[in-house]
Amino acid sequence: MASLRDLGLSEYEARVYRTLLDTGPTTAKELSRESEVPMGRIYDVLANIETHRLARSQNASRPKKYVAVEPETALDRLLDDRHQELEAKADQYEAVVDELSQTLDATESTDERFWTAAVGPEDTVDLLVERIASADESVVMVASMLSAQFDVDTVGDRVAEALDAALNRGVEVSLLMRPELVDALPETVGERYAHVLSPSERFRTRTSDAVEHTFTVVDGAETCIEVGHPLDRTKVFAMIDLADAEFATQVMAEFEPRWERAEPLDLE
C-alpha cells in the first residue's frame, strides 16, 4: 500500500501531516497528543513539514497554530522534491562515470587466447552489442541470415545504436550481407540504418552471395562468431567471442577478397 514515506517523509512526519488533515488548525501540543508523536520531537517534525511546504503556521496566534496544505498540492510538492533529488543523483552518477572513465584503464591485450560464449538469442545480442561498444578502430560485420528468434526492430535498434556510437568515436564500420537478407529486413530497420548510419563516411555497406556465415571482427583482433542451432538452421544457438589476433587476421584475410568483389549497397 502506498505511503507518504514512499515520497520521502519519515514516519513521524507522515503521521503529523495526516493528523493535521483530520484536526484542522491546531497547536503543537494538541498535535503531539493526537498523532502520538512525542512532545520532545514535535517541533522538529513540524519544522521539517514546513520545509517540505506541507503545512503553514500562524505565528500571530498564541500558542502558535499549524494547518495542513491541501493533499493535492502537498503531493505535487513531494513529487517535485523527488524529481529534483533524482536529477541531482543522476548528475552525481554521471560525474562519477566521467571521472572513472579517466582513471580506469584496461590491461593491455596480450597474445594469450581468450574466449567466452553467450547462449540464447538475448544473451547473444547482449554480447554482440558489448563487443561493438569496446571497438576503438574497426568493426567488420558479416551477416548471412536473419534468425526467426529475434525481434528484428528491437535488435536493429540496439545494434544501430551501438554502431552509431562507434562511428562517433571514429571507428570504421564495414557491413557485408547476403542480398536476400537486405530484402528480408523490415522497412523500419532499413530506414534506421539509412538515416542514422549511412550518412557517416566511416560506414560502408556491401552485399555478396558468397556470405555463408555470420560473424563480427572487432579491431582486427577479436571475433564474435554466431553459432546456429544444430537442429534448426533458422535459429541462433550461441555466440562465441574469441580474442585471438592471429585467428582474426586469418578471418580478415578471407574476408577482404570477398569484400572487394561485393556490390556496394545504397541504403538511402
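Whatever comes next refers back to the structure up there.
Residues numbered from 1 in each chain as written. Predicted model: local features only at pLDDT ≥ 70, side-chain atom pairs only at ≥ 80, totals over all residues. Heavy atoms only, no water.

Summing up its helical and strand segments, the chain has 9 helices and 11 strands in all. In terms of overall dimensions, the chain is more spread out than a globule: its C-alpha atoms have a radius of gyration of 30 Å, far above the 18 Å expected for 268 residues. For the chain, the spread of C-alpha atoms along the three principal axes comes to 95 × 40 × 40 Å. Pairs at least 24 apart in sequence give 72% of the contacts found in the chain among residues at least 6 apart. (Helix = DSSP H or I, 4+ residues; strand = E, 2+ residues; numbered from the N terminus. Rg over C-alpha atoms; globule rule 2.2 N^0.38 Å. Contact = heavy atoms within 4.5 Å.)

Another point: the pattern of salt bridges. For side chains of opposite charge, pairing can occur when their charged atoms come near one another. Overall, the coordinates contain 9 salt bridges when judged by the stated rule. For aspartate 126, the salt bridge goes to arginine 158, with nearest N and O atoms at 2.7 Å. Of this pair, aspartate 126 sits in helix α5 (residues 121-133) while arginine 158 sits in helix α6 (residues 152-168); the two residues are 32 residues apart in sequence, bridging distant segments of the chain. According to the relative accessible area criterion, arginine 158 is partly exposed, its value standing at 33%. Arginine 258 is paired through a salt bridge with glutamate 254; the nearest N and O atoms lie 3.4 Å apart. Remark: glutamate 254 and arginine 258 occur in helix α9 (residues 245-261); sequence separation between them is 4 residues, near one turn of the helix. According to the relative accessible area criterion, arginine 258 is partly exposed, its value standing at 33%. (Salt bridge = Lys/Arg side-chain N within 4 Å of Asp/Glu carboxyl O. Buried < 20%, exposed > 50% of the residue type's maximum accessible area, 1.4 Å probe, protein only.)

A word on the environment of serine 200. Position of serine 200 among the secondary structure elements: in the loop between α8 (187-197) and β7 (203-207). Placed 33 residues apart in sequence, serine 200 and leucine 167 show a C-alpha to C-alpha distance of 7.4 Å. At 3.2 Å, the side chain of serine 200 forms a polar contact with the backbone nitrogen of arginine 202. (Polar contact = N/O pair within 3.5 Å; in protein donor to acceptor, adjacent residues only side chain to side chain.)

On to the sheet that holds strand β2 (residues 55-58). Pairing is antiparallel across the open sheet formed by 3 strands, whose spatial order is β1-β3-β2. The sheet terminates laterally at β1 (26-27) and β2, the two strands that pair on one side only. One ladder, built from 4 bridges, connects β2 with strand β3 (residues 65-68); its direction is antiparallel. Directly across from serine 57, in β3, lies its bridge partner tyrosine 66. On top of the sheet, helix α1 (residues 11-23) reaches β1, β2 and β3; it is set at about 95 degrees to β3, its chief contact. Sheet strands touched by helix α3 (residues 39-51): β2 and β3. Its angle to β2, the strand with the most contacts, is close to 115 degrees. (Pairing = 2+ DSSP bridges. Axes fitted to C-alpha atoms, helices over the stretch in contact; angles between N-to-C directions.)

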